[in-house]
Amino acid sequence: MPTLPPFQQLLDAHALEVHRFLRGLVGPDSADDCLQDALLSALRAYPRLRNADNLRAWLFTIAHRKGIDHLRRNGRERPAADMPERAISNAEPPDHGLWNQVAKLPDKQRAAITLRYVGDMTYATIAEIIDCSEPAARQNVRAGLTRLRKATG
Amino acid sequence: MDITFTNVDHAHHATQLARFGERAFEENGPAQLAYHTFPSPIGALLAAVTRQGLVRICFESEDPEDVLSHLSARVSPAIIELPSALVGVRRQLDAYFAGSLRCFDLPLDRRLFSPFQTKVLAATSAIPPGEVKSYGQIAALAGRPGGAQATGQALGANPIPVVVPCHRVVAADGSLRGYGGGLERKQFLLDLERGEQSLF
């Protein structure tokens, strides 16, 4: 059995970026509930985890699965108008036009683009999280960007 | 293409994490341990509880990362920081340090005690506040007459100091001998229980 760090260490290191990823994937209103589901599932499975090599990717994989489950159940949510209020004051203002377009992308492209740009992840890690090959992860990011370019002119 | 994703406001995120913590430590929740660090007159104390009770207290002379890693290996890695789970422990410790509480009434989780330590600490817990016993006396009460040294080791490794009062055990000549948290803390606690002012 691997030596697992206290779960709180994972929360300190990754909970915020998982929260941001879920906002990108399911939208701001559902992201909170998906975060709760993802963290509770992760903590439930954590003591039995056999491979502790990449806990960040493991956590994102669970969050991605919860996000996709949510989208399948409830359909899509458009980015809400309250986003600027919740954005950090010193962060760059969000581009709502672009966000609306991201929200219209197919699930895999949206997940891949969000992981790439929110999580700054390698294609290998994105592939692991959304459960596809590395070339397919790259292709999803590229195809998503092409669509966004077309949509935003 | 310049992609700027919205951030999550830190206060909003903290609220969501607190909500998660509360749910995780509910009766059938997945968290097995909750901890919190708070100030005291003898320095910051880290306290950890399971659903059975208080399982660990450590002084700031110990590295919290080591303490939490040890709890992760010995009890469970399902550990979260959750101040609300430690409210009762903190309230009694605050009252004790303020001089308004003499005996703790807290559920304890003794799973980190070794079998010999269980006997030693049971004998130690029976010493009233303000009084002391010698290592030899405790060794005899724990069923190992002549085992003063082993008793000293068992007391030095007390997982729940202050609440389990290992500071009330001193050398036969009345000197303090040793303490897991350092002799200044031991002296402070004994003075506090005798109603004497001392500076830590």
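Note that the coordinates shown come from a computational prediction; the quantities given were computed from them, not determined experimentally.

Trainee: Is there a simple way to explain the overall build of chain A in this structure?
Mentor: Check the secondary structure of chain A and you find 8 helices and 0 strands. Written out in order from the N terminus, the α and β elements of chain A read α-α-α-α-α-α-α-α. Out of the 153 residues belonging to chain A, those deemed buried represent 43%. The contacts of chain A with a sequence gap of at least 6 include a subset with a gap of at least 24, amounting to 70%.

Trainee: Help me understand helix H1 (residues 7-26) of chain A, please; the structure alone is not making it clear to me.
Mentor: Because each turn of an α-helix spans 3.6 residues, side chains separated by three or four positions in sequence point in the same direction. Residue and element names in this part refer to chain A. The terminal C-alpha atoms of H1, which comprises 20 residues, lie only 25 Å apart, well short of the 28 Å expected from a rise of 1.5 Å per residue. Within H1, the axis deviates most sharply at His-14, by approximately 55°. Burial of H1 is extensive: 15 of the 20 residues sit out of reach of the surface. Of the residues trailing H1, Gly-27 is marked for its positive phi of about 95°.

Trainee: Can you help me understand the nonpolar core in this one?
Mentor: Burial of nonpolar side chains together is a common tendency in soluble globular proteins. Residues Val-18, Leu-22, Leu-59 and Leu-115 of chain A together with Ala-34, Ala-47 and Val-49 of chain B are the most contacted members of the largest nonpolar core, which totals 88 residues. It is H1 of chain A that contributes the most residues to this core, 9 residues altogether. Both of domain 1 (10-97) and domain 2 (115-193) of chain B provide at least three residues apiece to this core. Excluding anything up to four places from it in sequence, Ala-34 of chain B contacts Phe-25, Ala-48, Val-49, Ile-80, Leu-82, Ala-85 and Leu-86 of chain B.

Trainee: How should I be thinking about the packing of H1 of chain A against helix H2 (residues 28-45) of chain A in this particular structure?
Mentor: Any two packed helices are characterised by the angle at which their axes cross and by the distance between the axes. Residue and element names in this part refer to chain A. Packing of H1 against H2 leaves a shortest axis separation of 9 Å and a crossing angle of 145°. Classified by chirality, the crossing of H2 by H1 is right-handed. Residue-level inspection shows Phe-7, Ala-15, Val-18, His-19, Leu-22, Arg-23 and Val-26 of H1 in contact with H2, the latter providing Pro-28, Ser-30, Ala-31, Cys-34, Leu-35, Ala-38, Leu-39 and Leu-43. A breakdown of the residues in the contact of H1 with H2 according to their chemical character gives 12 nonpolar, 2 polar and 1 charged.

Trainee: Looking at this structure, how should I read the packing of helix H4 (residues 115-125) of chain B against helix H6 (residues 148-156) of chain B?
Mentor: Residue and element names in this part refer to chain B. The interhelical angle for the contact between H4 and H6, taken along N-to-C directions, is 85°, at an axis separation of 9 Å. Between H4 and H6, the angle falls in the class roughly perpendicular. Across the interface between the two elements, Phe-116, Gln-117, Val-120 and Thr-124 of H4 pack against Ala-150, Thr-151, Ala-154 and Leu-155 of H6.

Definitions and limits used
- Residues numbered from 1 in each chain as written.
- Chains lettered and ligands numbered in written order.
- Predicted model: local features only at pLDDT ≥ 70, side-chain atom pairs only at ≥ 80, totals over all residues.
- Helix = DSSP H or I, 4+ residues; strand = E, 2+ residues; numbered from the N terminus.
- Buried ≥ 20, exposed ≤ 12 C-beta atoms within 10 Å, placed from the backbone.
- Contact = placed C-beta atoms within 7 Å.
- Expected span 1.5 Å × (residues − 1).
- Bend = angle between axes of the 7 residues up to and from the residue.
- Core = buried A, V, L, I, M, F, W, Y, C linked by C-beta atoms within 7 Å.
- Domains from an automatic or database assignment.
- Axes fitted to C-alpha atoms, helices over the stretch in contact; angles between N-to-C directions.
- Left-handed = near helix turned anticlockwise from the far one by under 90°.
- Nonpolar A, V, L, I, M, F, W, Y, C, P; charged D, E, K, R; others polar.
- Parallel < 35°, antiparallel > 145°, perpendicular 65-115°, else oblique.

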